[in-house]
Amino acid sequence: MIGESMYQELILEHYKHPQGRGLREPYDAEVHHVNPTCGDEITLRVKVGDAGRIEDVSYDGQGCSISQAAASVLHELTAGSTVEETLSVVDEFTRLMQGRGQVEADEEILGDAVAFAGVAKFPARVKCALLSWMAYKDAVVRSAS
Amino acid sequence: MIGESMYQELILEHYKHPQGRGLREPYDAEVHHVNPTCGDEITLRVKVGDAGRIEDVSYDGQGCSISQAAASVLHELTAGSTVEETLSVVDEFTRLMQGRGQVEADEEILGDAVAFAGVAKFPARVKCALLSWMAYKDAVVRSAS
Amino acid sequence: MTHPTSLDVERIRKDFPVLSRELPGGRPLIYLDSGNSSQKPTPVVETVREHLAMHYSNVGRAMHALGAESTEAYESARDKVAAFIGAPSRDEVIFTKNASEALNLVAHAFGPHLWGSSGEGTDPRFALGPGDEIVISEMEHHSNIVPWQLLVQRTGATLKWFGVTDEGRLDLSTLDELVTERTKIVSIAHQSNVLGTVNPVADVLRRAREVGALVMLDASQSVPHHPVDVAGLGVDFVAFTGHKMLGPSGIGVLWGRGELLEAMPPFLGGGEMIEAVWMDHSTYAPIPHKFEAGTPPIVEAIGLGAAVDYLQGIGMDAVEAHERELTAYALEALREVPTLRLIGPETLDRRGATLSFTLEGIHPHDVGQILDDSFGIAVRVGHHCARPLHLRFGIPATTRASFYLYNTTGEIDALVRGLHHVQKVFA
Amino acid sequence: MTHPTSLDVERIRKDFPVLSRELPGGRPLIYLDSGNSSQKPTPVVETVREHLAMHYSNVGRAMHALGAESTEAYESARDKVAAFIGAPSRDEVIFTKNASEALNLVAHAFGPHLWGSSGEGTDPRFALGPGDEIVISEMEHHSNIVPWQLLVQRTGATLKWFGVTDEGRLDLSTLDELVTERTKIVSIAHQSNVLGTVNPVADVLRRAREVGALVMLDASQSVPHHPVDVAGLGVDFVAFTGHKMLGPSGIGVLWGRGELLEAMPPFLGGGEMIEAVWMDHSTYAPIPHKFEAGTPPIVEAIGLGAAVDYLQGIGMDAVEAHERELTAYALEALREVPTLRLIGPETLDRRGATLSFTLEGIHPHDVGQILDDSFGIAVRVGHHCARPLHLRFGIPATTRASFYLYNTTGEIDALVRGLHHVQKVFA
Ligand SMILES: Cc1ncc(COP(=O)(O)O)c(C=O)c1O
Ligand SMILES: Cc1ncc(COP(=O)(O)O)c(C=O)c1O
């Protein structure tokens, strides 16, 4: 596999061994998002604890390796961070994904999620990568209200 | 002026010295045709005599040199011929004009009207050349009914 | 008689410089996505370049040397396309920007129009309102679905459709209930862009004629790959697109029976489609110009003309025969890939060189991207703008390989090797 | 500060190979018809060639190396165009096939729509029926007249228009009576393609805003020749066309305020403009894709991107200044031609480099053709797709010379010599 590949080992790892997969209790909000273009779907729950710290992000869904791995990476990155911190990661991830491969990823902020940089060149795949992240953003907003 | 020119001396001659111009009596049919694209217009009268011979084609109008010269040449070519003969000339002239410069003109049939061959390359001018000829065809049909 | 398969694929490949290109990372290119869009041979590219650089000007309206050259080249392209599809008259060939515009153009001809001020009432064949029906099929490309959905929303008419059988054929068992006296037009694909199925035009046409309905073919996937004779087919409208038949992007074609095109109201308004304009009304140019508003895709039409020349130089019979050989080979070769499920006819009977399939447990997105990443194999993955057809088969997406005159059996072997590799990666 | 006129016309001319071409009969080419369509510089031609030959594939939907290259190039062209016209967002730039399609697209947004099934009602700003009014002007190109005529025929609304003064200015004396609470949209040329007049956008916009009407500019003749900043102008929609600004044929642009584009119903239906499709309804993609049905003019957009790069490399200020010099020179030079009557402003005040005129007793068709025949001078003759404007001046046609960055004062001298010759021929 070539260097530029979209299929970084890390993505395949997360796809084959998803972190935190499965829906768990307790949770503050649950959302269900679908990508109508390709049929990928995700159900995602958020539990926010004291001081606005994420206690758990649990999820289930189906779709391609990109959408599944993105959910797994999301689970890892959010664990233990404050809502605010995670939302800035979501923003940076969104910026990277919508940058058509022209945007430099900020590894400081994104951590493992930089592995998705190659996806940004394929508009049709961007939504796969963003599905769980958008669901997460939605769930966080709902949990606050 | 170059060889391929649309402005054959003959066209300029007819434009400057139009043959048979002016509306005359008697006549069997009168028509008025307009080219809405460029505003050229013509009024044309036909007098058919014994044995279907054209006795007179008289006309008046305004427009570019091509449309004016075409009417003058028409007057000359029809004089003394049978209706049938003239209609085959009209057909050949139409074929030449609509041939986009790809059609060989039949000089036998067309006589002086071959001078218009260069016009066929300019779709916007084809209608100028055809204006009086179409009016003539129309007038002949009407004179017969 | 020459053997119809006498197509020299190695010589042909030399005309397509991109086929010898090296992709980033040193991958070769194995292009199996011509159903999406085809590559362009050097004569087409050079025709476009030469015209843009040395002969360009606007057409029709310009009365100077360059104007004459451009107009002649543009109108010659119309002659070429007309001859290529057996159109009874060159004036029946309308240049659009793609097949989608051609389909929308016909859809927009229907309705309760008020063309009164230009002296035309609605021709009864195009009068459409509540109670009237339009029939399409479940295997259509979105471009032959959405224009009709928008039309029934505008007019209150009803949209109906043929189902698709498990083998990927048009389900004609309901033909007589579906196409009735209420039907104004039946619009179906000549060849499916997913299944490869070639539809039985004559059967549909016979019923449509019985009830007085018009028939339109979306020939986007047939005209590039088979000899197509519109007069012989006997339908009313045919739409196709230049970029799938070796031509440039930005050019499509609507062919229609002259008498119908003349009866239709104009679609887009603007320069070139008029006869005379006053502030409060206009009269329209004769066809084909009536439907070509504004500066047309000049160089694109000329490039399409060059593509038609190229295809005719090889011969559409030879193209068809070559693709048939590739299809036979691929149907056989794909059989050995474990868990591969073909969506569409499994035999050569009435099908073209488009093969869509799924691999158990592996999302087509992943199949396509690994094929590309690892081997430079370009296939299409997703629903191929035919989502209802995928819903029909209960799958969100497929992987599609589609062949053209420049493809080889060696490339099909590479695809099979690639699919084995994909299965290893996701094992 | 650099002098704005620092445009090296001799260097620029080398980028346009056709300008050194010899026409049949050994004539040089003197191209004064850029208002009709411009010539193309080598970087544009080469970008088109290179993309067609080596990087081509369909965009958006394709997930392979060529698909990524093509998509990236296509979407970059959108970025370039957006930056060129100062669009607040790239998503507000919609690629059409020409300016005419852009104008028709906006006209089709109006009506008593039934977009219910896709969850959208008609936005009140686009609801149009009897009693509602649309305002254009008497100096419009047919492409900004006929789409509105067709719209009022479909809907029963009323079309009104600004008159034109004897000097060729928009007659604003009736502004308040013309643009009223009943007006839904005012659509006018930014610069007239016959008169050269640059219209006072701010005055019209102020009144439109007072009454809540939308404003569209037909910028086909301004964007190629002046720095244009759509946000600064403050209007709602702007249409222009690639082939007049050094780009290929087959590509146009609609810019619109994002919020309005989102509120508008889709126009053409098909692939790429959808979010999801079922047989009985569909949901639509976000802008810009919502308005780009089917395979877009891919290579054409990329070529337009290269044209924008070229123009920006020279600087639109420099282009404008150069054309201003040419216009000043031409206004002066044409004065010495006997019986020449200029139609349009006689001074440099608010006018572009387009000069239309008549010669007494000589039909413009004859003027144009003799200029071409004898000297290779390409001008446009006729009504230039603005027949109502010619009716307004009581003339069937004019001769029009229009200049661009590659023209020289020497070419204007040739035109003047040519006109003297024409007068001799017909004396
Ligand atoms: C002012 C104006 N509007 C609209 C158009 C139409 O542009 P197009 O022919 O590219 O659609 C033109 C040019 O033809 C024009 O000059
Ligand atoms: C069957 C079919 N119809 C219509 C189209 C639409 O063609 P275009 O995208 O050129 O409008 C396509 C291709 O995309 C197709 O495969």
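Definitions and limits used
Each residue is numbered by its place in its chain's sequence as written, counting from 1. Think of it this way: whatever chain is written first is A, whatever ligand is written first is 1, and the rest follow in order. With pLDDT at 70 or above as the cut-off, local features in this predicted model cover only qualifying residues; side-chain atom pairs require 80 or more to be listed or tallied, and sums for whole chains, interfaces and linings still use all residues. To get the side-chain values, take all heavy atoms of the structure and skip hydrogens and water. A run of H or I in DSSP becomes a helix once it reaches four residues, and a run of E becomes a strand once it reaches two; helices and strands are each numbered from the N terminus. The quantity called the radius of gyration is restricted to C-alpha atoms. Its globule counterpart is 2.2 Å times the number of residues to the power 0.38. Burial classification: accessible surface area is computed with a 1.4 Å probe over protein chains only, and a residue below 20% of its type maximum counts as buried, one above 50% as exposed, and the rest as partly exposed. Contacts are assigned to residue pairs with any non-hydrogen atoms lying within 4.5 Å of each other. Every accessible area reported is derived by Shrake-Rupley at a probe size of 1.4 Å, with residue values counting cover from the shown protein chains alone. By the counting scheme adopted, Arg and Lys are positive, Glu and Asp are negative, and His together with the chain ends is not counted. Just so you know, the charge point we use is NZ for Lys, CZ for Arg, CG for Asp and CD for Glu. We define proximity as follows: a residue is near a molecule or strand when any one of its heavy atoms falls within 4 Å of that partner. Under this definition, polar contacts are N or O atom pairs within 3.5 Å; protein pairs additionally need one hydrogen-donor-capable and one acceptor-capable atom, and for neighbouring residues in sequence, both atoms have to be side-chain atoms. Each residue gets one label: Ala, Val, Leu, Ile, Met, Phe, Trp, Tyr, Cys and Pro are nonpolar, Asp, Glu, Lys and Arg are charged, and the others, such as Gly, are polar. Two aromatic rings from Phe, Tyr or Trp, using only the six-membered ring of Trp, form a pair when their centres are within 6.5 Å; if the ring planes differ by under 30 degrees the pair is stacked, by over 60 it is edge-to-face, and anything between is tilted. The least-squares superposition of copies is restricted to C-alpha atoms, and to residues with a pLDDT of at least 70 in both copies. Helix axes use the C-alpha atoms of the stretch in contact, all axes being lines fitted to C-alpha atoms, and the angles between their N-to-C directions lie in the range 0 to 180 degrees. In what follows, roughly perpendicular refers to angles from 65 to 115 degrees, roughly parallel to angles under 35, roughly antiparallel to angles over 145, and oblique to any angle outside these ranges. Accessible-area loss on putting two parts together, using a 1.4 Å probe and summing over both, is the definition of buried area adopted here. What counts as a salt bridge is simple: a side-chain nitrogen of Lys or Arg found within 4 Å of a carboxyl oxygen of Asp or Glu. We call two strands paired when DSSP finds no fewer than two bridges between them. On a scale of 0 to 100, pLDDT captures the predictor's confidence in every residue.

1. Focus: the overall build of chain A
- Helix and strand counts for chain A come out as five helices and three strands.
- Listed by position from the N terminus, the elements making up chain A come as α-β-β-β-α-α-α-α.
- At 14 Å, chain A has a C-alpha radius of gyration in line with the 15 Å of a compact globule built from 145 residues.
- The principal-axis extent of the C-alpha atoms belonging to chain A is close to 45 × 30 × 25 Å.
- In chain A, which comprises 145 residues, the share counted as buried stands at 52%.

2. Looking at the overall build of chain C
- Secondary structure assignment for chain C yields 14 helices and 17 strands.
- Along the longest, intermediate and shortest principal axes, the C-alpha atoms of chain C span 70 × 55 × 45 Å.
- Within the span of chain C, comprising 427 residues, buried residues form 70% of the whole.
- At a minimum sequence separation of 6, the contacts of chain C that also span at least 24 residues come to 72%.
- Total accessible area on chain C stands at roughly 12100 Å², and carbon and sulfur atoms take up 53% of it.
- Positive and negative charge centroids in chain C, built from 35 and 53 side chains respectively, lie 3 Å apart.

3. Some thoughts on the site of ligand 1
- What surrounds ligand 1 is a group of 15 residues, the closest being C:Thr295, D:Ser100, D:Asp218, D:Thr241 and D:Lys244.
- Of the chains in the model, those with residues near ligand 1 are chains C and D.
- Here a nitrogen atom of ligand 1 sits 3.3 Å away from a polar atom, N or O, in the side chain of D:Ser220.
- Here an oxygen atom of ligand 1 sits 2.7 Å away from a polar atom, N or O, in the side chain of D:Gln221.
- For ligand 1, the protein covers 99% of the area, taking 390 Å² as the surface of the free molecule.
- Grouping the amino acids of the shell around ligand 1 by side-chain chemistry returns one nonpolar, eleven polar and three charged.

4. Some words on the packing of aromatic side chains
- Evaluation of the coordinates by the stated rule reveals 19 aromatic pairs over all chains.
- Arranged with centres 5.5 Å apart and planes meeting at 80°, the rings of B:Tyr15 and D:Phe426 form a pair that is edge-to-face. With one member in each of two chains, B:Tyr15 in helix α1 (residues 9–16) and D:Phe426 in the segment after α14 (409–425) form a pair that bridges those chains.
- An angle of 90° between the planes, with centres 5.7 Å apart, marks the rings of B:Phe93 and B:Phe116 as edge-to-face.

5. Considering the relation of the copies chain D and chain C
- For the match of chain D to chain C, the screw axis carries a shift of 0.0 Å, the RMSD comes to 0.0 Å, and the turn is 180°. Taken together, the rotation angle and the small translation identify this as a two-fold axis.
- Both copies present the same face, since 99% of the interface residues in chain D are matched by interface residues at the equivalent positions in chain C.

6. A word on the packing of helix α1 (residues 9–16) of chain A against helix α2 (residues 65–78) of chain A
Residue and element names in this part refer to chain A.
- The geometry of α1 relative to α2 is characterised by a closest axis approach of 8 Å and an angle of 85° between their N-to-C directions. Between α1 and α2, the interaxial angle falls into the category roughly perpendicular. Contacts between α1 and α2 involve Ile11, His14 and Tyr15 from the first element and Ser65, Ile66, Gln68, Ala69, Ser72, Val73 and Glu76 from the second.
- In terms of residue class, the contact of α1 with α2 is built from five nonpolar, four polar and one charged.

7. A closer look at the interface of chain D and chain C
- Contacts between chain D and chain C engage 101 residues on the former and 100 residues on the latter.
- Taking both sides of the interface into account, the surface hidden between chain D and chain C amounts to around 8100 Å²; carbon and sulfur atoms contribute 60%.
- Three residues, D:Met63, D:Gln153 and D:Met279, lead the burial of chain D against chain C; their summed loss comes to 11% of the area buried on that side.
- For the pair chain D and chain C, the number of links is four salt bridges.
- Across the pair C:Glu69 and D:Arg21 runs a salt bridge whose closest N-O atoms are separated by 2.7 Å.
- At the boundary of chain D and chain C, one finds 42 residue pairs in polar contact (both at pLDDT 80 or more).
- For the side of chain D that touches chain C, a count of residues per class yields 48 nonpolar, 34 polar and 19 charged.

8. A short note on the environment of D:Phe357
Residues and elements named next belong to chain D.
- Along the polypeptide, Phe357 turns up in strand β14 (residues 354–359).
- For the pair formed by Phe357 and Leu178, sequence separation is 179 residues and the distance between their alpha carbons is 30 Å.
- Among residues more than four places away in sequence, those in contact with Phe357 are Leu334, Leu340, Arg341, Leu342, Ile343, Thr398, Thr399 and Leu419.

9. Section: the site of ligand 2
- Neighbouring ligand 2 are 15 residues, the closest being C:Ser100, C:Asp218, C:Thr241, C:Lys244 and D:Thr295.
- Residues lining ligand 2 come from chains C and D.
- C:Ser100 has a polar side-chain atom sitting 2.6 Å from an oxygen atom of ligand 2.
- Between ligand 2 and C:Asp218, the relevant distance is 2.5 Å, taken from a nitrogen atom to a side-chain nitrogen or oxygen of the residue.

10. Some points on the pairing of strand β4 (residues 93–96) of chain D
Residues and elements named next belong to chain D.
- Residue alternation in β4 divides its side chains into two sets, Val93 and Phe95 and Ile94 and Thr96, and both sets are buried.
- Sheet topology places β4 next to strand β10 (residues 252–256); four bridges connect them, and they run antiparallel. Its bridge partner being in β10, Val93 is matched across the sheet by Trp255.

11. Side note on the sheet that holds strand β16 (residues 380–382) of chain C
Residues and elements named next belong to chain C.
- Strand order across the open sheet formed by four strands is β13-β14-β17-β16, with antiparallel pairing between neighbours. Of all strands in the sheet, those bounded by a partner on one side alone are β13 (340–343) and β16. Each strand of the sheet is rotated relative to its neighbour by a mean of 30°, with strand direction disregarded.
- Judged from the four bridges that link them, strand β14 (residues 354–359) and strand β17 (residues 398–402) form a sheet pairing that is antiparallel. When the bridges of β17 are listed, Phe357 appears paired with Thr399.

12. Observations regarding the side chain of C:Ser34
Residue and element names in this part refer to chain C.
- Structurally, the position occupied by Ser34 is in the loop between β3 (30–31) and α2 (42–55).
- Overall, Ser34 belongs to the buried group, its relative accessible area being 0%.
- A polar atom in the side chain of Ser34 sits 2.5 Å from the side chain of Tyr406.
- With sequence-adjacent residues up to four places away left out, Ser34 is seen in contact with Ser402, Tyr404, Tyr406 and Asn407.

13. What to know about the confidence of the model for chain C
All names here are of chain C.
- Per-residue pLDDT for chain C averages 95, and the proportion of residues at 70 or more is 97%.
- Of the regions scoring below 50 in pLDDT, residues 115–119 engages in ten contacts with residues more than four places distant in sequence or in other chains.
- For this predicted complex, the interface confidence comes out at an ipTM of 0.94, alongside a pTM of 0.95.

14. Side note on unusual backbone geometry
- Going from B:Glu25 to B:Pro26, the amide bond is cis rather than trans, its omega being -10°.
- Here C:Arg350, not a glycine, exhibits a phi torsion of approximately 40°, which is positive.
- Mapped onto the secondary structure, C:Arg350 falls in the loop between β13 and β14.
- On the basis of relative accessible area, C:Arg350 is assigned to the partly exposed category, the value being 44%.

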